[in-house]
Amino acid sequence: MENAAVMMDLPEGCIANVIGLTTPPDACRLSLTSTDFKSAADSDAVWDKFLPPDTNEILSRSESAIDAKSKKELFLTLSHNPILIDDGKMSFSLDKWSGKKCYMIAARGLRIAWDDTPRYWKWKSLPVSRFKEAAKLRFVCWLEIRGRIETRMLSPSTTYKAYLVYKLTKRTYGLDWPAVVTVGARAYGFDYECPGLKEITAGIKHTAILVPQRKIEGQLARHHEINEVKFPNESRADGWLEMELGEFHCQGDEDGELEMIFCETSMGKSGLLVQGMDVRPERE
């Protein structure tokens with residue numbers, strides 16, 4: 001109480017500077033303690049520190065305008081409602097706990113083998129998708145999904161995790177077999193074909209099963225090294241499934257790209273609906 005009283009005796013600008021050293025949730029809590037704290041905690045001086053310095057540049061890549069009357073309102077909007085950028089091929093949002101940048105790459109922005117062949121893939125509009133279209137797998141043996149994002153677009157000094165965001169259709173086949181997932185740094189402007197998929201994934205174990213564990217309990221015995229197999233997260237707020245592909249620590253001075261891979265090329269499969277790839281900060 002004594003410390004709070006001392007704080008309240010300080011000028012609002014000083015209080016704002018102190019609150020700006022905390023986190024967005026802390027600022028929201030402090031705004032409820034008193035009218036003096038609310039004025040400082042809700043100020044643009046505080047919330048500007050929680051917004052990435054390149055926020056305006058990122059928003060300029062969107063066709064949708066955000067009518068925010070304050071920095072706090074802008075932050076809260078971006079942390080609850082991802083905005084489409086780059087002609088709708090990517091979404092941008094903020095992590096509500098830290099203000100770190102989050103992205104999702106739309107299926108149209110991914111490198112999906114055979115996605116231009118209607119016999120194998122179909123592009124479908126879905127009201128439950130963040131993007132205009134999702135990719136629906138009809139049938140392939142060579143399932144290769146790869147994404148990329150420039151490391152300069154990520155928040156510095158942050159560990160990111162990448163996820164494949166998808167759904168399974170009623171007629172799913174062959175997706176209960178372990179696939180390869182990996183995330184790694186590549187040179188800026190790298191060529192997907194050099195090196196090829198087989199070279200990049202050589203020696204990486206098949207560990208990712210897209211079908212939820214509860215649906216294939218009786219089949220698990222056929223998988224070798226079962227302790228290393230991982231299953232999707234079913235608790236996304238939007239109802240989609242997500243498979244973790246790997247993680248990457250962004251120092252902030254890298255001049256390259258992050259590549260994310262999901263692949264399985266040994267057997268036929270169908271019934272996959274791909275929304276995109278999520279790239280977001282690891283929750284501390």
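Details of the structure are given in the entry above.
Residues numbered from 1 in each chain as written. Predicted model: local features only at pLDDT ≥ 70, side-chain atom pairs only at ≥ 80, totals over all residues. Heavy atoms only, no water.

Trainee: Help me out: how do you make sense of the pattern of salt bridges in this one?
Mentor: For side chains of opposite charge, pairing can occur when their charged atoms come near one another. Per the stated rule, a full pass over the model turns up 25 salt bridges. Among the salt bridges present, the one from Asp26 reaches Arg29, with a minimum N-O distance of 2.5 Å. Of this pair, Asp26 and Arg29 both sit in helix 3 (residues 24-30), 3 residues apart, which is roughly one turn of that helix. The class of Arg29 is exposed, set by a relative accessible area of 51%. Notably, a salt bridge pairs Lys38 with Asp42, separated by 2.8 Å at the nearest N-O pair. Ionic contacts of the salt-bridge type, sharing partners, join the residues Arg111, Glu144, Arg146, Arg186, Glu193 and Glu259 into one network. (Salt bridge = Lys/Arg side-chain N within 4 Å of Asp/Glu carboxyl O. Helix = DSSP H or I, 4+ residues; strand = E, 2+ residues; numbered from the N terminus. Buried < 20%, exposed > 50% of the residue type's maximum accessible area, 1.4 Å probe, protein only.)

Trainee: Sorry if this is basic, but what is going on with the sheet that holds strand 7 (residues 143-150) here?
Mentor: Pairing between sheet strands relies on hydrogen bonds along the backbone, with the strands arranged either parallel or antiparallel. Spatially, 4-7-11-9 is the arrangement adopted by the 4 strands of the open sheet, whose pairing is antiparallel. Strand pairing shows two members of the sheet lacking a second neighbour, strand 4 (111-112) and strand 9 (180-187), which therefore form its edges. By the bridge criterion, 8 bridges tie strand 7 to strand 11 (residues 256-264) in an arrangement that is antiparallel. Directly across from Ile149, in strand 11, lies its bridge partner Leu258. (Pairing = 2+ DSSP bridges.)

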